[in-house]
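Geometric and topological summary
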Amino acid sequence: MGNAIRWLKQKISQIPIEMSDDDAKVQLNEDIDLFIQEKILYSGKVITQFASGHIQNNSKILTYGHSEVLKKLFKYCAIEENKSFEIYIVDSKPLFEGKKLAKELSSVKNIKCHYNLITSLSSVLERSSIDFCFLGANSMLSNGRLYSRVGTALVAMSSKNKNIPVLVCCESIKFSDKVQLDSVTLNELGDADDMINTKPFNKTGFNLQQYLNKLEAKKLEEQNSTGGKKGQQQQQQSKKEKDDKLLQSSQKNEETLSNWKDYPSLNILNVLYDLTPPEYIQKIITEVGALPPSSVPVILREYKSIT
Amino acid sequence: MSAATNTSSFDITETYLKFLENDPEITMPVAAIEALVTMLRIKQPSTSSELINLLSDSTNQLKKSVPNAISLSAGCDLFTRFVLRNTHLYSDWESCRKHLVENGQLFLQRAKESREMIAKVGYNFVKDDDVVLVHSYSRVVLNLLHYAKTKFIRFRVFVTEARPDVTGKNGVKMANALKELGIPACLIHDSQVGYVINKVDKVFMGAEGVSESGGIINHVGSYQIGVLAKNANKPLYVVSESHKFVRMFPLAPDDLPIASTDALTFNTDKEIGLSSDLRIDFTPHEYITALISDLGVLTPSAVSEELIKMWYD
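The present account deals with the structure reproduced in this document. Model, not experiment: these values are computed from the prediction. (Residues numbered from 1 in each chain as written. Chains lettered and ligands numbered in written order. Predicted model: local features only at pLDDT ≥ 70, side-chain atom pairs only at ≥ 80, totals over all residues. Heavy atoms only, no water.)

**What to know about the interface of chain B and chain A**
Taken residue by residue, the interface counts 13 residues in chain B and 20 residues in chain A. Across the interface of chain B and chain A, roughly 1300 Å² is buried in total on both sides, 61% from carbon and sulfur atoms. Summed over the shared surface of chain B and chain A, the result is one salt bridge. Residues Arg301 of chain A and Glu305 of chain B are paired through a salt bridge, measuring 3.1 Å at the closest nitrogen-oxygen approach. On the surface where chain B and chain A come into contact, there are four residue pairs in polar contact (both at pLDDT 80 or more). (Contact = heavy atoms within 4.5 Å. Buried area = accessible area lost by both parts, 1.4 Å probe. Salt bridge = Lys/Arg side-chain N within 4 Å of Asp/Glu carboxyl O. Polar contact = N/O pair within 3.5 Å; in protein donor to acceptor, adjacent residues only side chain to side chain.)

**Details of the packing of aromatic side chains**
Scanning all chains against the criterion turns up nine aromatic pairs over all chains. Ring centres 6.3 Å apart and planes at 50° place the aromatic pair Phe132 of chain A and Phe134 of chain A in the tilted group. The pair Phe132 of chain A / Phe134 of chain A is uniform in exposure class, with both members buried. Judged by centre distance (4.7 Å) and plane angle (55°), the ring pair of Phe125 of chain B and Tyr237 of chain B falls under tilted. (Phe/Tyr/Trp six-rings, centres within 6.5 Å; stacked < 30°, edge-to-face > 60°. Buried < 20%, exposed > 50% of the residue type's maximum accessible area, 1.4 Å probe, protein only.)

**Considering the pairing of strand β2 (residues 155-160) of chain B**
All names here are of chain B. With respect to burial, β2 is a largely interior element, five of its six residues being buried. When strand β1 (residues 130-135) meets β2, the two strands line up parallel, connected through six bridges. Residue pairing in the sheet places Val132 in a bridge with Val157 of β2. Across four bridges, β2 lies against strand β3 (residues 185-188) in parallel orientation. Looking across to β3, one finds that Val157 is bridged to Ala185. (Helix = DSSP H or I, 4+ residues; strand = E, 2+ residues; numbered from the N terminus. Pairing = 2+ DSSP bridges.)

**A word on the pattern of salt bridges**
If you walk through the whole model with that rule in mind, you get 16 salt bridges over all chains. One salt bridge connects Lys174 of chain A with Glu171 of chain A, and the closest N-O pair in it is separated by 3.3 Å. In this structure, Arg247 of chain B engages Glu212 of chain B in a salt bridge whose closest nitrogen and oxygen atoms are separated by 3.4 Å. Of this pair, Arg247 of chain B sits in the loop between β7 (236-239) and β8 (280-283) while Glu212 of chain B sits in the loop between β5 (209-210) and β6 (216-219); the two residues are 35 residues apart in sequence, bridging distant segments of the chain. Residue Arg247 of chain B is classed as partly exposed on the basis of its relative accessible area, which comes to 31%. The network of salt bridges with common partners includes Glu68, Lys71, Lys75 and Glu104 of chain A.

If you want it as structure tokens, here you go:
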């Protein structure tokens, strides 16, 4: 994002003094539109062209979180190139960005989606013979490190451990001349309450919910049929009491730690980004071509005159 | 170079093969560029778009007709790149064409001299009393070792047999060539490299193509030697001219864009013998210590920098 702002400031400073404000605004608007076209939309298309060669029929692909470029790539391969493949989407709290990707991709024919949380990553890698791991980027730093959503480094490291090639798709506008050695130096903190108050999919577990549904159905039957046996009713009542107690206790669990601010020695940390070292990344695919992570500063140097 | 004056009988593949035959010292990309320059001179395209079309047609034809097209495509791409960059420099078409042909000749001259430059840069890597391991037949490596010998460095060479091979350019030829130059050589089987690797001080290898990541595409067996050398902590030096840098980025040996063969299929038919069709493989950059080229001694990551500079738009 810093790159875009810098570019805009540069454009503004290049406007001749004699130009009127309105004319300048019109020209700037045009420039911005062109910038978006070139650097973001077109780049996405070119990256898709380059990267689609890796996805073959019946490939198995691992990805983490949600990335626009990757979504375009997968859709292109499935729809335009008519390849059928499987995608394993890994997701994590608290943002659950992978859900978006899973929702969009499951409606595309030719793609078979699997959805997992990052906690089960090692099992996924162990059992399925994944061919490639595609990752998105927030930015690429000058020393070849990938700055992306927290959890990316974990996925990259585990993939490398299993000899799965890790490919990063990233537009060149995201290349930064910053150098950072670890994730802690510069990062963003999210809302701590997101970590505590995330509601899982159901308040009650799936089996329990089904059981409750069955009970409800039985109860309705009993009410409709004439005169239920008292013994049965009593059994059902005691069961129902147990269920109510369960419900209450699960509600109480939600309230645990919601008063975490009262505990002075408790700190909740919700970092948003992390750093992936270059040795875990095999290839970076940009619109200027594919390069190894050590060549990021070369692109910055050669193409700086264009931006 | 008995080029046909009748343009319709000009066959780019024939010309290319003739160049290869006539000059045993020439490499495949250089022969390709010579053929393309000849084609330019004969066909005489009248507009720049015709030129570009002609070029792309000829390069496609060449790439299809030769089975192992990697270093060939490196040469073709390089020439295409060079032409595209220079077509808009001249307003007058005639002078543009002349300039292209002249520069083509200059490039060829430089390419032929690059082996000498590499030898001058690289002979320092061979020290007195060294035991060197080389793989298969490579003229660049041969040249380098010969130059080292003329500088009175005494060393011995293990040469791998480098099977499978049908072109005759394998380890046997290399060992004979070394012995003729007076360099003591020992021809070993490919399977004996593991036994021998601890007695070796360094490994030299040529390359058919150098990929964007700094990995090399070379005669099959190079990857094995790379892994063994890394394990034994012996440096592996790749010796290659800069016009072999190719815009490819394979991730693994089976990621190479060669015509897929029926080798490596499983069947219960005893008639089918060895899988001899697999002749090249890919060595990733982490096994390579340094690349000795006519641009100097480069680290594998510098290769992509050179390629980007070359293709910088």
